[in-house]
Amino acid sequence: MQKVGNNLYVICHLWVFLGLLAQGISQKHYTRARMLELREDVRRMFQHAYDGYLTHASNYDELRPLTCDGHDTWGSYSLTLIDALDTLATMGNFTEFQRVFTLLTKKMNFDRDINVSVFETNIRIVGGLLSAHLLSRRAGVAPEPGWPCQGPLLRMAEDVARRLLPAFDTNTGMPYGTVNLRYGVPKGETPVTCTAGVGTFLVEFGTLSRLTGNKIYEEVALQAVYALWEHRSPIGLFGNHIDVQSGRWTALDSGIGAGVDSLFEYLVKAAILLNRPELLELFHEARAAIDKYMRKEDWYVWVGMNKGHVTLPVFQSLEAFWPGILSIIGDTEPAMRTIVRYISVWKKYGFLPEFYNIAAGEASPDREVYPLRPELIESAMYLYRSTKNEYLLELGERVLESLEFSAKTKCGYATIRNVLTHEKENRMESFFLAETSKYLYLLFDSDNFLHSDGAQGELVETEENACVVQAGAYIFNTEAHPMDMSALHCCHDHNEDIFGSLDLQRLSANAIFKRSREQQLVEQEHWVPQCQSQDFPNYDAEPIPDRDRDRDRDQEKGKHSTTMAVDIEVFDEFEQPVGDVLVSNFERIREERELNQSLLQIKVLRNQLTVSDLDEFFARRRENFASTTDALNYVLAFMGKFTMDVAFIRGLQLYDSNISNFLGAGAQKEYEERMRSLWELYALEQQYAANVLLIQHLQLLSFQTDGEVMRTHLAEVLDGLDRQQDPLHTQLEIAALADSFSHANSTPQVGDIDQAILKACVGYEIALMNTTAMQAFVHRIYLMGTKDAAPSFSPLLDPVELGTLKVVQLKPPEQRELFKYTRRLVTFRKRMSETVDRLQTLMQKLTPTKEKAVAVATATAQPAVVPAEAPPAPNTNTEVREKAVQPELKQQKESEEQVVDSEEGSVWSQFVQTILRKTTVQRVKFDEALLQEKTRKALEKHSHDENPRELFTCQRPEFIEQFAYREFYPVT
């Protein structure tokens, strides 16, 4: 009996323990001293990663923590340095802040001919510069006169923002996804961008407008949000990608994660920062649809935007921001329930995978990566500030332990490639220093100035007024860059005199009270309670009998209408119809999944490469093999046995981006589109190399001469590629060709085409037997894939032994497949040359010659009858005569220049240049004033929108709202 009682006692305690975990109640107590210890641990983590970046990658955007070097990712402007600047101020490292501040002020220049992401540049660069500008005074930087409305980082932020403005010059006001910092939107830029890329500008651009007084930034950001809002589905949901020119949705999945997340975040934060309650109304309306269709037992799934049916039952790590947003608006109970769900995934793996299949209860295949994202810690920080629940501190401690144990390297912290195995990837994104470290630090630092409640501030005097700064509240952008809300009010009034045009008599106490009272009485008389939405259809209304008859009449009229069909078939540079390419892009995600689950699993069995396999491979020596053939067979078998997933191929950055300069962007897509064995990757690289060398040898990209000569040369190249190459008979001939081919240091002159093709073919055949090159390829994977020092390798076969191997010669179909990239390039250039020749012929027929045009222009400029001019007398003043003739010569010269200009700028000429892409990069015509005028006109229809605020289920009368929201209460 006593034993049974003890068992029941244990079971009851276990049940209580599990219940506490489910409710998010911590089993640990954190003293102030313990929190400070954890805060200092975070500081050391940040400093280790920051020092690694400065030492190994300060001239690059990001650090590669496994190889301890750097690489450019978003724009080649020392991204991490800017992104981490306000974190230095947050942690009190003012000395380093001042050093970087001075460095940026002296050396940073954004006038560069580079294409950048509008979204990423805004949140990381513009946001980082604005935040650093607002924190510079606290960090000990001597402010210049007029601060915070003036300052070098503020001017730098505005310079970058102005370079992003051309992206907003679209039919809808929604911005393009890419812009060139010097020339504007690149020609041919896709109009499709993600939803978050449209709605994530209000915090940065609003701050910039309030600090500088230039309204255009806030206005274009606001118009982009309204345009996106107008295109939401009938059930109130947003898709994932949209065409910014037409407003057509191209991806119809709706969720709160990747591609959409920061839209909802900015509706809340911009409403607070910019004092725009209408944005908060939009968020509440959007949230109602989210809770109705996406929320499933405190998880949020992906649904179809039009019908609300579940399409993807997954949790994405980017969705972890949502509890933090709910905390900001005060809805902490559902926020805690949701974050407990997310924490359960963290506890299962030690990290959050990018995709977690809720139904299966496991990380989604090929989505097991964790790139050191901050969203879960961000929500924990917000919720702890609201609830003081120590369960969230326990989460922060566990996160810190996981990062130190599994992600730390000798020079930084690495992305976790697979949360199941905790393998590392050679990348440390800038947001690890900008967000993850900062939110962890703030979680444990309860007294940090960024937690200010506005009770204290600093008085700043300017020439015209005085204002309070550094009082908070601080609003973080989606890259965790804090904006001082008090500073915005300081500069807004200073730069814009809102009282200058006001009729002060109308604003007197008695006048305001009188008008308000009259309006309230009028509205009281006409007000009728409305307990249901005005959007509901009136089912009691009589049907309109003529509606069906009108529709039938329109359909009948359409049958007899005449239309002109224009059959135009457009091809891209890869000889694919553009329409087919567009359709294939829509189906890409579904086809990739089906391909990976069916064909690839049959032909390429998944056998992931490990460090142990690599160590065993490089431990082999020549004496382990009886013959050269045995050594070759071993290497071939090893490379054919192991595979590389798409995430591995992309993460290791095996593809050489220089190849795209010769073969186009399609080569990289092909290289990284699916799982491949090591042998397939190696063979594909050699195929690329053979095509690149052939293109260089035949000068296909640099061949410049008249059209007919170029077309003849291209036709000869095509004939050479189509002809069957004679096989070589002796190994000596193979060796001789290979030697001459490998020692060609400079680009050969155009010569025997067949010989060039043969050399490239032989080089490829030899590469497929070259065990040393294969070892070097595997060694490169070892270096890129692990932080461990890769062992040096000795070639299994020396050059003499390699020469004894029998080279397998390619068959004609294999030769044709080998040079498909060269054939594609030649065919494209030949077709374009022929097209241009035909268009120029049309131009000559349709456009008058220069001599005729000049003659016509001259005849038009001169009078119809010109009297004969008498010969000048001996004493005639030649200077006077020249002045008399000068107006006629000037008029004739202007006519000739107009003709020349009309020729150069004709429609046909521009069309030819566009097709050939021969024009140099030119600044796209962009008028900032015109964009502002167009934006303000679009915003007019929203300026008087009545956003009804509802109490329970019935709408309150507006006269009550106006009285309650009025800031001035005069004495009666």
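Residues numbered from 1 in each chain as written. Predicted model: local features only at pLDDT ≥ 70, side-chain atom pairs only at ≥ 80, totals over all residues. Heavy atoms only, no water.

A.B. asks: Which parts of the structure should I look at to understand the pattern of salt bridges?
C.D. replies: For side chains of opposite charge, pairing can occur when their charged atoms come near one another. Evaluated as defined, the whole model comprises 43 salt bridges. Note that Arg-276 and Glu-278 form a salt bridge whose closest N and O atoms lie 3.0 Å from each other. As a salt-bridge pair, Glu-670 and Lys-820 come within 3.7 Å of each other at their nearest N and O atoms. Highlighted residues: Glu-670 in helix 28 (residues 665-671) and Lys-820 in helix 36 (residues 820-846), separated in sequence by 150 residues. (Salt bridge = Lys/Arg side-chain N within 4 Å of Asp/Glu carboxyl O. Helix = DSSP H or I, 4+ residues; strand = E, 2+ residues; numbered from the N terminus.)

A.B. asks: I tried to follow the packing of helix 14 (residues 332-349) against helix 16 (residues 390-407) on my own but got confused; where do I start?
C.D. replies: When two helices pack together, their arrangement is given by the angle between the helix axes and by the axis-to-axis distance. Where helix 14 contacts helix 16, the axes come no closer than 12 Å and their chain directions differ by 25 degrees. Relative to helix 16, the element helix 14 is oriented roughly parallel. The handedness of the crossing between helix 14 and helix 16 is left-handed. In contact with Met-336, Ile-339, Val-340, Ile-343, Trp-346 and Lys-347 of helix 14, helix 16 contributes Tyr-391, Leu-392, Leu-395, Arg-398, Val-399 and Ser-402. Grouping the constituent residues of the contact of helix 14 with helix 16 by class yields 9 nonpolar, 1 polar and 2 charged. (Axes fitted to C-alpha atoms, helices over the stretch in contact; angles between N-to-C directions. Parallel < 35°, antiparallel > 145°, perpendicular 65-115°, else oblique. Left-handed = near helix turned anticlockwise from the far one by under 90°. Contact = heavy atoms within 4.5 Å. Nonpolar A, V, L, I, M, F, W, Y, C, P; charged D, E, K, R; others polar.)

A.B. asks: I would appreciate a short explanation of unusual backbone geometry in the present structure.
C.D. replies: In most cases, non-glycine residues show a negative phi, while peptide bonds are predominantly trans. Cis geometry marks the peptide bond from Trp-147 to Pro-148, where omega comes out at 10 degrees. Look at Leu-372: it is not a glycine, yet its phi comes out positive at around 65 degrees. Looking at where Leu-372 falls in the secondary structure, it is placed in the loop between strand 15 (362-363) and helix 15 (375-387). In this model, His-422 sits at a positive phi of 60 degrees, which is unusual for a non-glycine residue. Tracing the backbone shows His-422 in the loop between strand 16 (415-418) and strand 17 (423-425).

A.B. asks: I tried to follow the nonpolar core on my own but got confused; where do I start?
C.D. replies: One broad trend across soluble globular proteins is that nonpolar side chains are buried collectively. Residues Phe-205, Phe-264 and Leu-403 are the most contacted members of the largest nonpolar core, which totals 172 residues. Per-element accounting of this core gives the leading share, 11 residues, to helix 10 (residues 216-230). If sequence neighbours within four positions are ignored, Phe-264 has contacts with Phe-238, Gly-255, Ile-256, Phe-283, Ala-286, Ile-290 and Trp-322. Ranked by size, the runner-up nonpolar core spans 63 residues in total, among them Leu-609, Leu-632, Val-692 and Val-826. (Core = buried A, V, L, I, M, F, W, Y, C linked by side-chain atoms within 4.5 Å. Buried < 20%, exposed > 50% of the residue type's maximum accessible area, 1.4 Å probe, protein only.)

A.B. asks: I tried to follow the packing of aromatic side chains on my own but got confused; where do I start?
C.D. replies: In this structure the tally under the stated criterion is 35 aromatic pairs. The interplanar angle of 90 degrees and the centroid separation of 5.7 Å between the aromatic rings of Trp-346 and Tyr-370 together place this pair among those described as edge-to-face. With a gap of 24 residues between them, Trp-346 in helix 14 and Tyr-370 in the loop between strand 15 and helix 15 connect regions that are remote in the sequence. Taken as a pair, Trp-346 and Tyr-370 share a single burial class, namely buried. Through pairs of rings, three or more aromatic residues link up here, namely Trp-229, Phe-238, Phe-264, Phe-283, Tyr-300, Phe-321 and Trp-322. Between the NZ or CZ atom of Arg-367 and the centre of the ring of Phe-355, over which it lies, the distance is 5.3 Å. Directly above the aromatic system of Tyr-634 lies the positively charged group of Arg-620, at a separation of 4.8 Å from the ring centroid. (Phe/Tyr/Trp six-rings, centres within 6.5 Å; stacked < 30°, edge-to-face > 60°. Lys NZ or Arg CZ within 6 Å of the ring centre and 35° of its normal.)

A.B. asks: Just to check I follow, could you spell out the state of the cysteines for this structure?
C.D. replies: By definition, a disulfide is the covalent link that joins the sulfur atoms of two cysteine residues. Summed over the entire model, instances satisfying the criterion amount to 3 disulfides. For Cys-68, the disulfide goes to Cys-411, at an S-S distance of 2.3 Å. Given an S-S torsion of about -105 degrees, the disulfide between Cys-68 and Cys-411 has left-handed geometry. Taken together, the positions of Cys-68 in the loop between strand 1 (62-64) and strand 2 (69-71) and Cys-411 in the loop between helix 16 and strand 16 put the pair 343 residues apart, joining distant regions of the chain. Across the pair, Cys-411 and Cys-68 agree in class, each one buried. A disulfide bridge connects Cys-467 with Cys-490, and the sulfur atoms are separated by 1.7 Å. Taking the torsion about the sulfur-sulfur bond, which here is approximately -45 degrees, the covalent link between Cys-467 and Cys-490 counts as left-handed. Here Cys-490 lies in helix 18 (residues 485-495) and Cys-467 lies in strand 19 (residues 466-469), a separation of 23 residues in the sequence. Take Cys-467: its relative accessible area is 10%, and that puts it in the buried class. The class for Cys-490 is buried, based on a relative accessible area of 3%. (Disulfide = S-S within 2.5 Å.)

A.B. asks: Would you take a moment to explain the sheet that holds strand 15 for this structure?
C.D. replies: In sheet architecture, strand pairing relies on hydrogen bonds along the backbone and comes in two forms, parallel and antiparallel. The strand order across the open sheet built from 3 strands is 13-14-15, with neighbouring strands paired in antiparallel fashion. Only two strands of the sheet have a single neighbouring strand rather than two, namely strand 13 (314-316) and strand 15. Pairing of strand 13 with strand 14 (residues 355-357) involves 3 bridges; the strand directions are antiparallel. Paired with Val-314 across the strands is Asn-357, a residue of strand 14. (Pairing = 2+ DSSP bridges.)

A.B. asks: Help me understand the UniProt feature "active site" (unreviewed entry) in the chain in this model?
C.D. replies: In the numbering adopted here, UniProt assigns the feature "active site" (unreviewed entry) to Glu-120, Asp-261, Glu-354 and Glu-375. Relative to the elements of secondary structure, Glu-120 occurs in helix 6 (residues 118-135). Using a relative accessible area of 12% as the deciding quantity, one classes Glu-120 as buried. Here Glu-120 is in contact with Trp-74 and Ile-125, once residues within four sequence places are set aside. Inspection of the secondary structure puts Glu-375 in helix 15. Discounting chain neighbours no more than four positions away, the residues touching Glu-375 are Ser-317, Leu-318, Ala-320 and Phe-321. (UniProt positions renumbered as here; feature names shortened; annotations may be inferred.)

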